[in-house]
Amino acid sequence: MTSQNPVFIPGPTNIPESIRKACDMPTLDHRSPAFARIFSPAVEGVRKILRMGEGEVFLFPATGTGGWEAAMANTLSPGDTVLAARFGMFSHRWIDLCTRHGLNVQVIETPWGQGAPLEAIEAALSADTGRTIKAVLATHNETATGVRSDIAGIRRAMDAGGHPAMLFVDGVSSIGSMPFDMAGWGVDIAVTGSQKGFMLPAGLAILGVSPKALTAMETATLPRTFFDFADMRRSYAAGGFPYTPPVGLLNGLALSTQMLLDEGLENVFARHHRIAEGIRRAVAAWGMRPYAASPDLYSDTVTAVAVPAGCNGTDLVQLAASKYDVAFGVGLGEVAGKVFRIGHLGMLTDVMALAGLATAEMCMADLGWPVTLGSGVAAAQDYYRNAGQEAARAAA
Ligand SMILES: *Cc1c(COP(=O)(O)O)cnc(C)c1O
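Sequence order as written defines the numbering, with residues in each chain counted from 1. A pLDDT threshold of at least 70 governs which residues receive local features in this predicted model, and a stricter bar of 80 or more applies before side-chain atom pairs are shown or counted, although totals over entire chains, interfaces and linings include all residues. Working from all heavy atoms in the structure, the side-chain values ignore hydrogens and water.

Observations concerning the domain arrangement of the protein
Domains are outlined according to an automatic or database domain assignment. Domain assignment breaks the protein into domain 1 (17-262) and domain 2 (265-395). A straight line from the C-alpha centre of domain 1 to that of domain 2 covers 28 Å. If you look at the interface, domain 1 gives 26 residues, while domain 2 gives 22 residues. A combined buried area of about 2,100 Å² lies between domain 1 and domain 2, and 63% of that area is made up of carbon and sulfur atoms. Per-residue buried area on domain 1 facing domain 2 is highest for Trp112, Arg148 and Ser177; these three make up 27% of the total on that side. Only one rule defines a salt bridge in this text: a Lys or Arg side-chain nitrogen within 4 Å of an Asp or Glu carboxyl oxygen. For the pair domain 1 and domain 2, the interface holds one salt bridge. As a salt-bridge pair, Arg148 and Asp300 come within 3.4 Å of each other at their nearest N and O atoms. Should any heavy atoms of two residues lie within 4.5 Å, those residues are considered in contact. As used here, buried area is the combined drop in accessible area, with a 1.4 Å probe, of two parts when they are placed together.

Re empty space enclosed by the protein
Only protein atoms enter the 1 Å grid used here, on which a cavity is any set of points holding a 1.4 Å probe that cannot leave and a pocket is any open set flanked by protein within 12 Å on both sides along at least five of seven lines; residues with an atom within 4 Å of a point are listed as lining. Grid points are joined across faces, edges and corners, and a volume is the space filled by probe spheres set on the points. For the coordinates displayed, the defined rule picks out two cavities of 30 Å³ or more. The volume enclosed by the largest cavity comes to roughly 80 Å³. What counts as a helix is a DSSP run of H or I of at least four residues, what counts as a strand is a run of E of at least two, and both are numbered from the N terminus. Contributions of two or more residues to the lining of the largest cavity are made by β2 (81-86), α4 (89-100) and β4 (133-139). Looking at which element gives the most residues to the lining of the largest cavity, the answer is β4, with four residues. Split into classes, the residues belonging to the lining of the largest cavity amount to 13 nonpolar, two polar and no charged. Thr145, Gly146, Arg280, Pro290, Tyr291, Ala292, Tyr298, Ser299, Val302, Thr303 and Ala304 are the residues that line the second largest cavity. With three residues, strand β11 (residues 302-306) is the single largest residue contributor to the lining of the second largest cavity. Under the convention adopted here, Pro, Cys and the residues Ala, Val, Leu, Ile, Met, Phe, Trp and Tyr are nonpolar, Asp, Glu, Lys and Arg are charged, and Gly plus all remaining residues are polar. Taken together, the residues of the lining of the second largest cavity break down into six nonpolar, four polar and one charged.

A word on the pattern of salt bridges
Counting across every chain of the model gives 19 salt bridges. Between Arg224 and Asp228 there is a salt bridge whose closest N-O contact spans 3.6 Å. In terms of burial, Arg224 and Asp228 fall into one category: buried. The partner of Arg385 in a salt bridge is Asp382, with the nearest N and O atoms 3.7 Å apart. Here Arg385 and its partner Asp382 are both found in helix α13 (residues 375-385), three residues apart, which amounts to about one turn of the helix. A relative accessible area of 46% places Asp382 in the partly exposed class. Counted as one network, the salt bridges with shared partners bring together Arg148, Glu277, Arg280, Arg281 and Asp300. Using a 1.4 Å probe on the protein chains alone, a residue whose accessible area is under 20% of its type maximum counts as buried, one over 50% counts as exposed, and one in between counts as partly exposed.

Printed below as a string of structure tokens:
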């Protein structure tokens with residue numbers, strides 16, 4: 001029998017049965033009106049979840065990384081300057097992608113565990129008197145460290161100096177799980193993928209693109225073919241795609257956006273916050289702490305648990321997989337071994353979270369780490385019993 005255990009990695013996330021079924025479709029002609037009936041609700045659902053104003057949603061057969069590439073290639077030219085802070089593996093990889101595309105990346109090195117440094121960003125923008133910075137890149141939720149950054153704060157820093165740069169946000173592990181306000185925060189491109197908050201298999205890069213970024217496209221000269229926004233736009237206008245779309249995934253996206261909107265985005269965010277808070281209570285009961293430097297930075301979708309001295313987080317992840325058939329996330333890059341990560345986004349309930357915590361505890365005990373079995377679980381149980389999920393369910 002294949003395991004029925006949920007995964008506790010921060011993507012890909014658990015897939016609801018109904019979404020799995022929606023993805024399993026017979027072949028359909030993607031140039032027929034039947035395709036448009038799948039495609040347009042998917043696009044409209046994404047638009048609502050991003051809280052977009054004007055602008056376009058683009059869905060590419062790719063992943064979040066492809067979404068970054070599409071964002072850069074459509075709006076910038078070789079040699080253009082972008083500003084980015086590096087404070088984890090995902091912010092690092094985006095910077096690397098820009099460098100490989102011949103962009104000039106002005107990097108603000110920031111300790112891992114911190115979020116986007118607002119003062120340093122504001123200082124860099126005000127020092128840029130020649131207005132050479134074309135875009136500010138921000139990783140909303142750094143999945144490697146479990147750190148959430150203040151995107152509204154970055155927008156304020158940009159507006160304070162009247163800097164005209166575009167604001168591009170990686171929301172791959174936040175969108176659909178944590179509050180995201182593309183219009184309110186003045187985000188020019190929001191990037192995500194299908195396999196995290198949207199609870200789908202991997203395979204779609206999902207982008208929201210503002211009118212300002214669409215205008216930048218007209219003069220941007222980085223090469224693009226597969227990811228060309230203009231080709232997409234022309235085909236969308238005719239109800240289709242410039243090439244063969246993954247119809248099953250798009251049908252799944254139409255359902256997943258509907259499920260999130262039916263639950264109510266505020267309820268979805270409250271559920272993620274509640275589950276995350278229970279997990280943080282458990283971590284504290286273990287005598288450990290999240291790697292994120294301060295509570296205002298705590299992510300509601302992933303917790304990187306700093307392990308005690310002498311312990312190796314990767315050992316726990318490997319044991320959980322081999323002995324209990326449960327997936328946790330390993331530490332990446334600079335924090336390899338120093339943390340293990342609990343992903344808590346997507347289709348998750350309090351009860352599922354308790355199972356993950358119980359499994360982590362068994363692994364710690366097996367590895368001889370200093371933990372009392374049940375301590376973290378009890379702390380989370382206490383929290384979940386009284387955390388108001390009945391009210392949330394009644395509202396849904
Ligand atoms: C998962 C993730 C990515 C990469 O997405 P892929 O879909 O694996 O290409 C990028 N950024 C963040 C913050 C992520 O969590």
